[in-house]
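The lines below spell out each chain.
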Amino acid sequence: MSVITRFAPSPTGRIHVGNVRTALINWLFAKRSNGEFMLRLDDTDVQRSTQEFADGIKRDLEWLGLTHDLFARQSDRFARYDEVADKFKGEGRLYACYETPDELARKRKRQLSRGAPPVYDRAGMSLSDEQKKSFEAEGRKPHWRFFLEDKTMAWDDLVRGSQTIEASSLSDPILIRGDGSYLYTLPSVIDDVDFAVTHVVRGEDHVANTGAQIQVFEALGDHLPEFGHHNLLVGADGGRLSKRIGSLSVEGLRESGLEALSVTSFVSTIGTSDPVAPFASLEALADNFDFAKLSRAPARFDERELVALNAKSLHERDFARVRSDLESLDVGGGEAFWLAIRGNIEKLGEVRDWWNIVQGPIEPKIEDRSFCQTAAGLLPEGDWDENTWGQWTSQVKETTGAKGKALFMPLRLAVTGLDHGPELRALLPLIGRKRAFARLQGQSA
Ligand code: GLU
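So, a few notes on the structure that sits alongside this text. (Residues numbered from 1 in each chain as written. Predicted model: local features only at pLDDT ≥ 70, side-chain atom pairs only at ≥ 80, totals over all residues. Heavy atoms only, no water.)

What follows deals with the overall build of the protein chain. Within the protein chain, the secondary structure is distributed over 18 helices and 12 strands. Taken along the three principal axes of its C-alpha coordinates, the protein chain extends 105 × 45 × 40 Å. Looking at the protein chain as a whole, 47% of its 445 residues are labelled buried. Within the protein chain, contacts between residues separated by at least 24 positions form 75% of all contacts whose residues are at least 6 apart in sequence. Of the roughly 21,200 Å² that the protein chain leaves accessible, carbon and sulfur atoms contribute 48%. Taking the 57 positively charged and 67 negatively charged side chains of the protein chain as two groups, their mean positions are separated by 4 Å. (Helix = DSSP H or I, 4+ residues; strand = E, 2+ residues; numbered from the N terminus. Buried < 20%, exposed > 50% of the residue type's maximum accessible area, 1.4 Å probe, protein only. Contact = heavy atoms within 4.5 Å. Areas by Shrake-Rupley, 256 points an atom, 1.4 Å probe, with all protein chains shown as cover. Lys, Arg positive; Asp, Glu negative; His and termini not counted. Charge placed at Lys NZ, Arg CZ, Asp CG, Glu CD.)

Set out below in structure tokens:
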């Protein structure tokens, strides 16, 4: 049986690092298994779902490289959901309830004050036709609950191992709201059955849903997928990420200049037994993927670590792999420039800053006018290479007596305008004699 996984976001917003983790785990497992990955838009909430968010999610996944083999949109499938709902109603598996949210809240409060679990009392099941009619005459619309059989639901979770949930600990779930709209529970199971999803992998906030959904699967036939519930992300301080989640959207990370592969490498290795490291490709990540490596403790998301990983991957990158990116950033200098500056950037866009420094014009910083004049006069003639800096500075040292920092810093400040940066041995030949000479004279060049 070929593996089919799915990522099922609701297009009521853009996706963030938390969702990326779910998408990635599903994608990596599908690829590693030579299976298929489905993108399913859970857009049964027609009020809050928008085409714009749906398009945005697709773009986010495309940028991350998480291409899908199968696609479905729940709003295309209402006829199918209605068909199943009618069948369940006919069988008495779905029953009408008329409580208002306030009434339900009061019931729960009474149960809790008696020390009883706040499980729905199934009052809806014993309503007579007259009582239902009189509720409807009052203008109440029924919502529909799914009757859970009294038994233990058990599954062998791909991440958490053996799991059991007692049906008696759960309220019969509402599958259809008073306005006739579907909660995600029923459409999700119908789709998982109809599209033959073999592995349902999602965050551990869905564990209780899985308990109830197993009974929905059983009511629909004999297709029961495997389930996996991965750990959730927490912030660097161990607290919830939700407050900052806006800045942690895929869109936000992309706009901040991070590489997609750094995001995917990072998000798929935090919270696992693997060290966080830059991977060369999604395929390499997929080869490395194993549910057994996922830890049960929350996965810590520290944006600074992500930036450090991004930097590390750039520091190690060969010129051949950035050549076209550099061209599109309108940066010249070829391999010599890349090798000179790659160790000094955290995000690729920063190459522009260094290219501007090489090309000029920049404002030199002159601390000691006569020292810089002398140094300018000692600039070697002829072609410059990696040895030029050494030859020049030995001359300057000999002539002026300056050494160490007192020798190097004024020269760096003059030729780059900065007190830090790539090795001048590599940068100076790129800046070239003409610009270096002018800058040492204090001219903008
Ligand atoms: N739309 C649901 C969510 O985003 C999908 C959950 C699932 O994977 O079944 O929470």
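Further remarks concern the packing of helix H1 (residues 17-32) against helix H9 (residues 260-269). Remark: H1 packs on H9, axes separated minimally by 9 Å, with the N-to-C direction vectors making an angle of 85°. What the angle tells us is that H1 and H9 run roughly perpendicular. Within the contact between the two elements, H1 uses Val17, Val20, Arg21, Leu24 and Leu28 and H9 uses Thr264, Val267 and Ser268. Tallied by class, residues from the contact of H1 with H9 come to 5 nonpolar, 2 polar and 1 charged. (Axes fitted to C-alpha atoms, helices over the stretch in contact; angles between N-to-C directions. Parallel < 35°, antiparallel > 145°, perpendicular 65-115°, else oblique. Nonpolar A, V, L, I, M, F, W, Y, C, P; charged D, E, K, R; others polar.)

Another point: the sheet that holds strand E8 (residues 174-176). Strand order in this open sheet of 3 strands is E4-E5-E8, and the pairing throughout is antiparallel. With one partner strand each, in any of the chains shown, strand E4 (94-97) and E8 form the two edges of the open sheet. With direction set aside, neighbouring strand axes in the sheet form an average angle of 45°. Bridging between strand E5 (residues 143-146) and E8 involves 2 bridges; their strand directions are antiparallel. The residue of E8 that forms the bridge with Trp144 is Ile176. (Pairing = 2+ DSSP bridges.)

Here the focus is the packing of helix H6 (residues 185-194) against helix H7 (residues 207-220). It is at 10 Å that the axes of H6 and H7 come closest, and there the two elements cross at 50°. Regarding the angle of H6 to H7, the classification is oblique. At the point where H6 passes H7, the crossing takes the right-handed sense. Across from Thr185, Leu186, Ser188, Val189, Ile190, Asp192 and Val193 in H6, the residues of H7 making contact are Gln213, Val216, Phe217 and Leu220. Among the residues forming the contact of H6 with H7, the class breakdown is 7 nonpolar, 3 polar and 1 charged. (Left-handed = near helix turned anticlockwise from the far one by under 90°.)

Now for helix H2 (residues 51-64). If you check H2, its first and last C-alpha atoms are 20 Å apart, about what 14 residues at 1.5 Å a residue would give, namely 20 Å. For H2, every residue scored as buried is listed here: Ala54, Gly56, Ile57, Asp60, Leu61 and Leu64. Looking down the long axis of H2, one finds its buried residues gathered within 160° of arc, a one-sided arrangement. For H2, the exposed residues lying more than 90 degrees away from the buried face are Glu52 and Glu62. Looking one or two places after H2, you find Gly65, whose phi comes out positive at around 90°. (Expected span 1.5 Å × (residues − 1). Arc of directions from axis to C-beta.)

Turning next to the environment of Ser162. Residue placement: Ser162 occurs in strand E7 (residues 161-166). Contact partners of Ser162, with chain neighbours within four places excluded, come to Trp155, Asp156 and Asp157.

One finds Val17, Leu61, Leu66, Phe291 and Phe301 to be the most contacted residues of the largest nonpolar core, which totals 44 residues. Those elements giving two or more residues to this core turn out to be H1, strand E2 (36-41), H2, helix H8 (250-255), H9, helix H10 (282-288), strand E12 (299-301) and helix H11 (303-315). Counting residues per element, this core draws most heavily on H1, which supplies 9 residues. Val322, Ile345, Val396 and Val415 belong to the second-largest nonpolar core, a separate cluster that totals 39 residues. (Core = buried A, V, L, I, M, F, W, Y, C linked by side-chain atoms within 4.5 Å.)

The environment of the ligand is formed by Arg6, Ala8, Ser10, Asp42, Tyr184, Ser188, Arg202 and His206. The contact in question runs from an oxygen atom of the ligand to an N or O atom on the side chain of Arg6, over 2.6 Å. A distance of 3.3 Å separates an oxygen atom of the ligand from a polar atom in the side chain of Tyr184. Across the shell around the ligand, the residue classes tally to 2 nonpolar, 3 polar and 3 charged. (Near = heavy atom within 4 Å. Polar contact = N/O pair within 3.5 Å; in protein donor to acceptor, adjacent residues only side chain to side chain.)

Right, let's get into the pattern of salt bridges. Scanning all chains against the criterion turns up 31 salt bridges. Asp194 is paired through a salt bridge with Arg80; the nearest N and O atoms lie 2.8 Å apart. Of this pair, Asp194 sits in helix H6 while Arg80 sits in helix H3 (residues 78-90), and the two are 114 residues apart along the sequence. Among the ionic pairs, Arg140 bridges to Glu138, the shortest N-O distance being 3.0 Å. Members of the salt-bridge network, linked through shared partners, are Arg6, Arg40, Asp42, Arg77, Arg80, Glu83, Asp191, Asp192 and Asp194. (Salt bridge = Lys/Arg side-chain N within 4 Å of Asp/Glu carboxyl O.)

As defined by bridge partners, strand E6 (residues 152-157) adjoins E7 across 6 bridges and the pair is classed as antiparallel. In the strand pairing of E7, Trp155 is matched with Gln163. Taking the residues that link successive antiparallel strands as the turn, the E6-E7 hairpin has 3 residues.

Glancing now at unusual backbone geometry. Residues Gly360 and Pro361 are joined by a peptide bond in cis, for which omega reads 0°. Examined against the element boundaries, Pro361 turns out to sit in the loop between helix H14 (351-359) and helix H15 (369-377). Non-glycine residue Asp330 carries a positive phi angle of around 60°. You can see Asp330 is positioned in the loop between helix H12 (323-328) and helix H13 (334-341).

Moving on, we come to the pairing of strand E3 (residues 70-73). Where E2 lies against E3, 4 bridges are found, and the strand directions are parallel. In the sheet register, Arg40 faces E3, and the bridge partner there is Ala72. For the crossover from E2 across H2 to E3, the handedness is right-handed. (Right-handed = clockwise from strand over helix to strand, strands pointing away.)

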